Amino acid sequence: MGRHLDLRQAFAHHPERLSQLSQQAPYVFADLSKNLWQPQTEQLLADLAHSCGVTEQRDAMLSGAPINASEQRAVMHWLLRTPQDGGLLQDHPVVQQWGGGMVQALAQVHQTLEAMLDLAEQVRADARITDVVNIGIGGSHLGPEVVVQALEDWVDAGTQFHFVSNVDGHELGHVLRRVRPESTLFLIASKSFTTAETMLNAHSARAWFLAHGGSADADAACSIDRHFVALTTNVQAAAEFGISRTLGFWDWVGGRFSLWSAIGLPIAMAIGAAQFRQLLQGAHAMDAHFFSAAPAVNLPMRLGLLDVWNRDFLGFGSRCIAPYSHGLRRLTAYLQQLEMESNGKRITRDGQVLEVPTAPVVWGEPGTNGQHAFFQMLHQGQDTIPVEFIALRDGGKYLGAHHQSLVINAIAQAQALMLGRQGEGAERDCPGNRPSTFLLLQALDPASLGALIALYEHRVFVAGAVWGINSFDQWGVELGKKLAQELRARQQSDDWAEVDPSTLALMQRLAESPTHGD
Ligand SMILES: O=P(O)(O)OC[C@H]1O[C@H](O)[C@H](O)[C@@H](O)[C@@H]1O
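Residues numbered from 1 in each chain as written. Predicted model: local features only at pLDDT ≥ 70, side-chain atom pairs only at ≥ 80, totals over all residues. Heavy atoms only, no water.

Here the focus is the side chain of Ser223. On the secondary structure map, Ser223 appears in the loop between α9 (196-211) and α10 (224-227). Apart from residues lying up to four places away in sequence, Ser223 is in contact with Phe209, Ser215, Asp217 and Ala218. (Helix = DSSP H or I, 4+ residues; strand = E, 2+ residues; numbered from the N terminus. Contact = heavy atoms within 4.5 Å.)

In the vicinity of the ligand there are 14 residues, among which Ser140, Ser190, Ser192, Thr195 and Glu341 approach most closely. Between the ligand and the protein, one listed contact pairs an oxygen atom with a side-chain N or O atom of Glu341 at 2.6 Å. For the ligand, whose unbound accessible area comes to 390 Å², protein coverage reaches 87%. More than half of the atoms belonging to the ligand lie within 2 Å of the grid points that define the largest pocket. In terms of residue class, the shell around the ligand is made up of two nonpolar, eight polar and four charged. (Near = heavy atom within 4 Å. Polar contact = N/O pair within 3.5 Å; in protein donor to acceptor, adjacent residues only side chain to side chain. Areas by Shrake-Rupley, 256 points an atom, 1.4 Å probe, with all protein chains shown as cover. 1 Å grid on protein atoms, 1.4 Å probe; cavity = no way out; pocket = protein on both sides within 12 Å on 5 of 7 lines; lining within 4 Å. Sits in = over half its atoms within 2 Å of the grid points. Nonpolar A, V, L, I, M, F, W, Y, C, P; charged D, E, K, R; others polar.)

Right, let's talk about the UniProt feature "active site" (unreviewed entry) in the protein chain for a bit. Residues annotated by UniProt as "active site" (unreviewed entry) correspond here to Glu341, His372 and Lys481. A maximum C-alpha distance of 37.1 Å shows the annotated residues, which cover 141 residues in sequence, to be distributed over more than one spot. Of the annotated positions mentioned, Glu341 and Lys481 line the largest pocket. Mapped onto the fold, Glu341 is located in helix α15 (residues 331-343). Residue Glu341 is classed as partly exposed on the basis of its relative accessible area of 21%. For Glu341, the residues in contact, after removing those within four places along its chain, are Arg256, Gln336, Asp473, Gln474 and Val477. Tracing the sequence through the fold places His372 in the loop between β9 (361-363) and α16 (375-380). Given the relative accessible area of 70%, His372 is considered exposed. (UniProt positions renumbered as here; feature names shortened; annotations may be inferred. Buried < 20%, exposed > 50% of the residue type's maximum accessible area, 1.4 Å probe, protein only.)

This is how it looks when you write it as structure tokens:
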């Protein structure tokens, strides 16, 4: 049913294969027929999902239950794009059961959304602001960056958006050399407002601002108050930093799920309030599909189960994402955090070591560039690597011939992976029978992009629910941060005073005494 399936034979004997293994979902058409599975496979996987209680776990998320158990938090990023009246979910039986707490949470969501959109429109109307610098990392960076880049057709040409994330001074320096304090707005984006890279970048930006004509005096024309905004759940820490304008959000919004919240302010500034609402609307349409559609025609369910099939039954250790769209050139980086930080885990929710592999390595680059870089391995390498093509039905205003060429290349590559080539000599032959998924997005517009991102969020949920892991915490990132803090303290301590702070001396000293007190 899996590795022994010959896709060429399957299509030859079952012309109905495409219609059985593809479907339309909101803004996205998915062709799953070139994967190494059969309709019966999907039925068995649906039985597996049923036995793992995936639907019950999904409904628990919709009820506002604290399903992120290790942090005792609800998981409600989907609430951020739910209309005040519940929208397409208002008749859902679980929503019908919502208590006052959920109703109040939804009201707070809309209160914050209106404040955020008002601020966004104020900045867009202020001709003095020509540059917006978002300082944040991880979920406080990747989501806003991919959306602002993807929706550049809607971005006001009069304002430049910069995303600074790395602690490497080159990145912040590159931006500061190109902006002026009086025409720049700094967004300090950090859910915790403690992340070391973001805090150092924020302090350096403030120092630069004050050294180049900015003032700490709230009444000054070019003041911290007017030129810095904090996006965080930690309002107190933002105030201590000296920022008076803060847009807050809630603990039940995970960092990698936060672009729909105040973290999305740079998006709203870039595309405007109306288009930001379209982004939310597209995601909500996908939410309603995920929470309501039957498993057999529930695209996030089918894709999440396909991920389990490819990883655990076929043993594929990675998945290549190939967006055939320059606008989606940062999508893979975003999906790496979404998928690998959510499901890159070995312990189940009840503390047991998992016997099966979980999240694959997610990697890739836009097409057609990938065809000139790593597609050789995909066609003739020793490992089978599932490929995920993402193409646009409507290429927008850019040069029709270019879009046609782009989509034809994507389709041809999927076909070549499946068909392969035989009989032209060992070095020229391609084995074929290599799986791929083809996602055809309506267009690169706010609603379609919102739906696509929501599709990936829910797909990650489904795979995590089958594996029985908590897809919403990320304890693995704490150790490195802790060791970095200890190393910084050791480097500044007396007993290391004689150690040359150069990297090599540090590495040698660490080799002699790996941990504190050695
Ligand atoms: O938004 P912040 O609190 O600054 O956190 C930024 C990032 O820090 C860590 O890397 C977490 O693993 C990420 O999930 C988070 O997005």
